[in-house]
Amino acid sequence: KRMTAEIPKPAEIRKTKGYLWRRLGSKWPFLVWLGMALLTYQLYQRGVRFERMNGVVVAETETIAALEDGVIAELSIAESGDSVAPGQTVVQIDPRLAEGELEEKQQEIAYEKIEASRKFGSMKTQLISEIAKLEAEMAGDEARIEVLEKSLANLRQRASENLIPRSVVTEAEVEIETLRASLPFSETRLKGLNEQMGGIDSLLEELDEFQKTDPVSLQILAERIKRMALKSTSGGVVSDIFFRAGSVVKRGEPIVNIINLNSRGARGFILEQNADKVSVGMPIFISPTGTPGAELLPGKISFISPQITATPDVGSSVAGRMVKGREITCSFDSPDIDLLPGQSVTIHLEKPGKFK
């Protein structure tokens, strides 16, 4: 046969309905990726759902601190981990100096009470003597007036008969008038003395009532001695011991830290953009970080800081970078948990396992 350079025409393929579906099926990966892109875009448009944050277990820490300068006489605990009961005396500050001051003050007050009683008693005795003397004088004056009045008629009769001088009668009359004139003054003075006596009796009653109660100075010293026995309020487990028996401590200086494991909770930090996603009382779930399959511990948000604060971003490679947000505190529904204070946890706003 004769050779030719003419390129033959490709065979014409008939584009039927089945052919189009075959072509579409050969391109399905592209359609899948296109659909995923559209779905991702729609989810992004709806927003990312904030569901959890990192946190740490916290517990109520009670610090036993000195209420005044002193020397530690005794500690009822020996080492970290010891249990402390509520109301237990943990540290005893040496009370001997304060006890000596209290005893000295008690002696001073006892002496002052004796002196006050003696002083008022002496005044009362003196008044009693003055009243008795004045009453005796008044009784004598009244008796003298009565005698003079009885003898005055006889004196006048004898004077008229010139048996005695007229001056004798005059002297008797003057004496009677003088004695009568002095009686009102004596009565006024007696009334004043009796009023003074009543005042002293009233003061003695008040003094006796006052002496039944200890003065404020004694109460302050007694309270000071009482406060030298440093007690735990809620009890717990000893975490730190800063001083031992015999150490000199200053007022406000911490001596022992006690952790109350019955008041454990969790503290977290929620970023500023998600700060409106939480509220007090909101139920949450807490799980230990890095423990797959760990039990979810239910709880509630008990506190949210009232303001936005800044904290160092420890997860950033940029030195000094800060992140802003709000601190939250969560409580456990049950105090019987195995998490320790300081342990890292994850705080879930919704129970994990649900696909969102």
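Read on for an overview of the structure. (Residues numbered from 1 in each chain as written. Predicted model: local features only at pLDDT ≥ 70, side-chain atom pairs only at ≥ 80, totals over all residues. Heavy atoms only, no water.)

**Quick look at the packing of helix α3 (residues 96-160) against helix α5 (residues 216-226)**
Test applied: Only C-alpha atoms enter the line fits that serve as axes; for helices the fit covers just the stretch in contact. Angles between N-to-C directions range over 0 to 180 degrees. In DSSP terms, a helix is any run of H or I states spanning at least four residues, a strand is any run of E spanning at least two, and both are numbered starting from the N terminus. Any angle between 65 and 115 degrees counts as roughly perpendicular, while under 35 counts as roughly parallel, over 145 as roughly antiparallel, and the rest as oblique. For a crossing to be left-handed, the near helix must be turned anticlockwise from the far one by less than a right angle; the clockwise case is right-handed. Any pair of residues with heavy atoms lying within 4.5 Å of one another is described as a contacting pair. When residues are sorted by character, Ala, Val, Leu, Ile, Met, Phe, Trp, Tyr, Cys and Pro go into the nonpolar class, Asp, Glu, Lys and Arg into the charged class, and all the rest, Gly among them, into the polar class.
At their nearest, the axes of α3 and α5 sit 9 Å apart, and the two run at 160 degrees to each other. Considered as vectors, α3 and α5 are oriented roughly antiparallel to each other. The handedness of the crossing between α3 and α5 comes out as left-handed. Of α5, the residues touching α3 (which contributes A98, E99, E101, L102, K105, Q106 and I109) are S217, L218, L221, A222, R224 and I225. Within the contact of α3 with α5, the residues separate by chemical class into seven nonpolar, two polar and four charged.

**Details of the sheet that holds strand β2 (residues 70-75)**
Defined as follows: DSSP calls a pair of strands paired once it identifies at least 2 bridges connecting them.
Taking strand neighbours across the sheet as the criterion, the four strands line up as β5-β4-β2-β7 in an open arrangement whose pairing is antiparallel. Edge positions in the sheet fall to β5 (229-231) and β7 (248-249), since each has one partner strand and no second. Here three bridges tie strand β4 (residues 89-93) to β5, and the two strands are oriented antiparallel to one another. Considered in β5, the bridge of V91 is made with L230.

**Details of the pattern of salt bridges**
Stated precisely, the cut-off is as follows: Salt bridge, as applied in this entry: a Lys or Arg side-chain nitrogen positioned within 4 Å of an Asp or Glu carboxyl oxygen. Buried means the residue's accessible area, taken with a 1.4 Å probe over protein chains only, is under 20% of the maximum for its type, while exposed means over 50%, and partly exposed covers the values in between.
Scanning the model with the defined rule gives 13 salt bridges in all. Across the pair R156 and E173 runs a salt bridge, and its minimum N-O distance is 2.8 Å. Of this pair, R156 sits in helix α3 while E173 sits in helix α4 (residues 166-210); the two residues are 17 residues apart in sequence, bridging distant segments of the chain. Among the residues examined, R156 registers a relative accessible area of 40% and is labelled partly exposed. Ionic pairing is found between D276 and K277, a salt bridge with its closest N-O pair at 3.5 Å. Among the charged side chains, a network of salt bridges with common partners joins E68, E101 and R224.

**Here we look at the pairing of β2**
Two elements, β2 and β7, share two bridges in a ladder whose sense is antiparallel. In the strand pairing of β7, G70 is matched with V249. Two strands pair when backbone bridges link them, and β2 and β4 are joined in this way by three bridges, in the antiparallel orientation. Note on β4: the bridge partner recorded for E74 is Q92.

**Notes on empty space enclosed by the protein**
Applicable threshold: Using protein atoms alone on a 1 Å grid, points that fit a 1.4 Å probe yet trap it form a cavity, whereas open point sets bounded by protein on both sides within 12 Å along at least five of seven lines form a pocket; residues with an atom within 4 Å of a point count as lining. Grid points are joined across faces, edges and corners, and a volume is the space filled by probe spheres set on the points.
By the definition in use, this model includes one cavity of 30 Å³ or more. In this model, the largest cavity occupies a volume close to 40 Å³. Taken together, A66, L67, E68, I93, R224, R227, M228 and L230 form the lining of the largest cavity. When grouped by side-chain class, the residues that make up the lining of the largest cavity number five nonpolar, no polar and three charged.

**Quick word on the nonpolar core**
Generally speaking, nonpolar side chains in soluble globular proteins are found buried as a group. To keep it simple, the criterion reads: Here, nonpolar core refers to any group of buried Ala, Val, Leu, Ile, Met, Phe, Trp, Tyr and Cys residues whose side-chain atoms link them within 4.5 Å.
Core analysis: the biggest nonpolar cluster contains 24 residues, and I72, I77, V91, I93, I255 and V256 have the highest contact counts within it. Counting residues per element, the ones that place at least two in this core are β2, β4, α3, α5, β6 (236-241) and β8 (254-271). In contact with I77, not counting residues within four places along its chain, are D82, V84, V90, V238, I241, R244 and V256. Core analysis: the next-biggest nonpolar cluster, separate from the first, contains 19 residues, V57, I284, I304 and I337 among them.

**Thoughts on α3**
Threshold: To estimate how far a helix should reach, multiply one less than its number of residues by 1.5 Å.
For α3, spanning 65 residues, the distance from its first C-alpha to its last is 94 Å, which sits close to the expected 96 Å at 1.5 Å a residue. Phi turns positive one or two residues past the end of α3, at N162, with a value near 60 degrees.

It is worth stressing that arrangement in space is one thing and function is another; only the former is reported here.
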